[in-house]
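Overview (structure and organization)
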Amino acid sequence: MVEAYNANVAIPNKHADPPERMWDGHLVETETYVGGHVEALEAGVFRSDINMHFRIDPAGAQQLIDELDRALRFSIEVEGKLTMEDIENYDEVRGQIAACLEDLRDTPLRNEPPLLYHLDVAAMYPNIILTNRLQPDAIVDEATCASCDFNVPGKTCDRRMPWLWRGEFFPPKRSEVAMLRRRLQGELFPADARSSAGAPMRTFDQLTPDAQAAELRTRVADYSKKVYHRLRETRVEERTALVCQRENPFYVDTVRNFRDRRYVYKGLLKKEKRGLDNATAAGDSTLVAAGKKLVVLYDSLQLAHKCILNSFYGYVMRKGARWHSLEMAGIVCLTGSRIIQMARKRVEQLGRPLELDTDGIWCALPRTFPENYSFKLRKGGSFAVSYPCTMLNHLVFDSFTNHQYQDLVDRDTLSYETHSENSIFFEVDGPYRAMILP
């Protein structure tokens, strides 16, 4: 609310669901979106010093070889902000990775120790919000878009994004619901509990809208059990939402500020951990005590910002939220789910996925799978590449980049500049010595 006030954005009233909702002629009991998916694919004790059986898909390994130049170029130019001319030993590193992939392709059945990795998307939900300029006020319908001043031929400010709607509804059709409503209109109901003693009975039309909806749902539920022998049905359908790319970005800017501040604290945490290790090695008790306090401080700050960041997604579905959007929450979850499913398909070709999380995947890759490499820079220094991340990040960049992102550059003329935006990247944790899945 503070950020909205500072941006001169009118603060809306608290959201209230309509008393009655219909879908395809049926009375809806509840509606929501399909959320994140968590799945344990394998169970057992997985250790990095015990051999595992791997069945490599030769076509998948060949696909990695075919995509190798594009993946490395993406890592250098997009992630590293460098140019190909800055790299001194590109052919050497590429040859090493290609040799490993060719060996995997030519020998698909393998029995060797695993590399146990957790490949997760850094701050996935906040970065999906930032990449697609998602905010509750930006979710508009066709009528709103048609009446907008920027609705001109060739416009690119209307980004269309899919999400999955899930509704539970009663089996009776619209005509049956109307019949039950007419029956209720001929009945009398007790006076409100707050009324004085002896207050007269009320007709259906004298009830509040919420009370009318509750009575109708109760009657429809009883009718469903007697006539259809079931209480409710469930449907899932894919819908498309319009995301305005020119809406006032106060919500997106607030998310970005919290994300960047968290990155600052995470950087300070890593710095203080290195300092603590050096102080411990030197045996300086004063520096060790001070270092431990700073490590706790920065770790607490980055965790607090992480919780707040995640709440920007959860808030939009909270009851009574001032900025409420079922569509926005659904877009975030479906986009995240498709990113993880894409990673799962790639890992299944090359190793064994062990567990899927909402923002990452635990997996076992063959020990001979290419891992970490370092490019030498012509101006001195080096650029490190984690190939397990690179093989996924260039796919995410190709499939989930927002090429319609627009920024206001001139308030007087209302001129906008369009550019491509994508801050969704995998990061690698590991390799671990063991993983236990009960």
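**Re the overall build of the protein chain**
Within the protein chain, the secondary structure is distributed over 11 helices and 20 strands. Referenced to the eigenvectors of the C-alpha coordinate spread, the extents of the protein chain come out at roughly 85 × 60 × 60 Å. For the protein chain, restricting intrachain contacts to residue pairs at least 6 apart in sequence, the fraction spanning at least 24 positions comes to 78%. When the accessible surface of the protein chain is summed, it comes to about 23200 Å², and 51% of that surface belongs to carbon and sulfur atoms. Counting 57 positive and 62 negative side-chain charges, the protein chain places the centres of these two groups 5 Å from one another.

**Brief notes about empty space enclosed by the protein**
Following the criterion strictly, the structure yields 1 cavity of 30 Å³ or more and no others. Taken as a whole, the largest cavity encloses approximately 50 Å³ of empty space. Forming the walls of the largest cavity are Gly 36, His 37, Ser 337, Ile 340, Gln 341, Leu 356, Asp 357 and Thr 358. If one sorts the elements of the lining of the largest cavity by residue count, helix H10 (residues 326–350) sits on top with 3 residues. Residues belonging to the lining of the largest cavity are distributed by class as follows: 2 nonpolar, 5 polar and 1 charged.

**Considerations on the side chain of Glu 176**
Turning to its location among the elements, Glu 176 is positioned in helix H6 (residues 174–185). Of the side chains with opposite charge, Lys 173 comes closest to the buried, unpaired Glu 176, at an N-O distance of 4.8 Å. Sequence-distant contacts of Glu 176, that is, excluding residues within four places in its chain, are made with Tyr 223 and Tyr 228.

**Overview of the sheet that holds strand E1 (residues 22–23)**
Taken in spatial order, the 5 strands of this open sheet run E1-E2-E9-E12-E8, and their pairing is antiparallel. Lying at the two open borders of the sheet, with one neighbouring strand each, are E1 and strand E8 (139–140). Of the strand pairs in this sheet, E1 and strand E2 (residues 26–33) are connected by 2 bridges, and their pairing is antiparallel. Residue pairing in the sheet places Met 22 in a bridge with Leu 27 of E2. Sitting on the sheet, H10 is in contact with E2, E8, strand E9 (158–169) and strand E12 (233–244), with an inclination near 100° to E9.

**Here's the deal with the nonpolar core**
Residues Leu 134, Phe 369, Phe 375 and Phe 426 are the most contacted members of the largest nonpolar core, which totals 90 residues. Considering every element that reaches this core, the biggest residue donor is H10, with 12 residues. In this structure, Leu 27, Phe 170, Val 220 and Tyr 223 belong to the second largest nonpolar core, which totals 13 residues.

**Observations concerning the packing of aromatic side chains**
Applying the stated criterion across every chain, the model contains 15 aromatic pairs. Between Tyr 90 and Phe 375, the aromatic rings sit 6.1 Å apart at their centres with planes inclined by 10°, giving stacked as the arrangement. Here the residue Tyr 90 occupies a position in helix H3 (residues 90–106), and Phe 375 occupies one in strand E15 (residues 372–376), the gap between them amounting to 285 residues. Put simply, the rings of Phe 250, Tyr 251, Phe 258, Phe 312 and Trp 323 touch in pairs and so form one group of aromatic residues.

**Side note on the packing of helix H2 (residues 58–79) against helix H11 (residues 387–400)**
Running from N to C, H2 and H11 point in directions that differ by 85°, and their axes come no closer than 9 Å. The angle between H2 and H11 places the two elements in the roughly perpendicular class. Contact residues: Leu 64, Glu 67, Leu 68, Arg 70, Ala 71, Leu 72, Phe 74, Ser 75, Val 78 and Glu 79 in H2; Tyr 387, Thr 390, Met 391, Asn 393, His 394, Leu 395, Phe 397 and Asp 398 in H11. Looking at side-chain class alone, the contact of H2 with H11 contains 10 nonpolar, 4 polar and 4 charged residues.

**Brief notes about the pattern of salt bridges**
Side-chain pairing between opposite charges can occur once the charged atoms of the two side chains come close. Taken as a whole, this structure holds 25 salt bridges when the rule is applied. When the shortest N-O distance is used, the salt bridge between Glu 168 and Arg 232 registers 3.8 Å. Of this pair, Glu 168 sits in strand E9 while Arg 232 sits in the loop between helix H7 (209–228) and E12, and the two are 64 residues apart along the sequence. With its nearest N and O atoms 3.2 Å apart, the salt bridge here joins Arg 256 to Asp 253. Separated by 3 residues within a single helix, Arg 256 and Asp 253 lie in helix H8 (residues 250–282), roughly one turn from each other. In this structure, a network of salt bridges that share partners links the residues Glu 142, Lys 155, Asp 158 and Arg 160.

**Focus on the packing of H2 against H3**
Between H2 and H3, the least distance of the axes is 9 Å, while the angle of their chain directions is 160°. By the angle between their directions, the pair H2 and H3 is classed as roughly antiparallel. The two elements H2 and H3 cross, and the hand of that crossing is right-handed. Contacts from Pro 58, Ala 61, Gln 62, Leu 64, Ile 65, Leu 68, Asp 69, Leu 72 and Ile 76 of H2 reach H3 at Tyr 90, Arg 94, Ile 97, Ala 98, Leu 101, Glu 102 and Arg 105. Within the contact of H2 with H3, the residues separate by chemical class into 11 nonpolar, 1 polar and 4 charged.

Conventions and cut-offs
Residues numbered from 1 in each chain as written. Predicted model: local features only at pLDDT ≥ 70, side-chain atom pairs only at ≥ 80, totals over all residues. Heavy atoms only, no water. Helix = DSSP H or I, 4+ residues; strand = E, 2+ residues; numbered from the N terminus. Contact = heavy atoms within 4.5 Å. Areas by Shrake-Rupley, 256 points an atom, 1.4 Å probe, with all protein chains shown as cover. Lys, Arg positive; Asp, Glu negative; His and termini not counted. Charge placed at Lys NZ, Arg CZ, Asp CG, Glu CD. 1 Å grid on protein atoms, 1.4 Å probe; cavity = no way out; pocket = protein on both sides within 12 Å on 5 of 7 lines; lining within 4 Å. Points joined across faces, edges and corners; volume = space filled by probe spheres on them. Nonpolar A, V, L, I, M, F, W, Y, C, P; charged D, E, K, R; others polar. Buried < 20%, exposed > 50% of the residue type's maximum accessible area, 1.4 Å probe, protein only. Salt bridge = Lys/Arg side-chain N within 4 Å of Asp/Glu carboxyl O. Pairing = 2+ DSSP bridges. Axes fitted to C-alpha atoms, helices over the stretch in contact; angles between N-to-C directions. Core = buried A, V, L, I, M, F, W, Y, C linked by side-chain atoms within 4.5 Å. Phe/Tyr/Trp six-rings, centres within 6.5 Å; stacked < 30°, edge-to-face > 60°. Parallel < 35°, antiparallel > 145°, perpendicular 65-115°, else oblique. Left-handed = near helix turned anticlockwise from the far one by under 90°.

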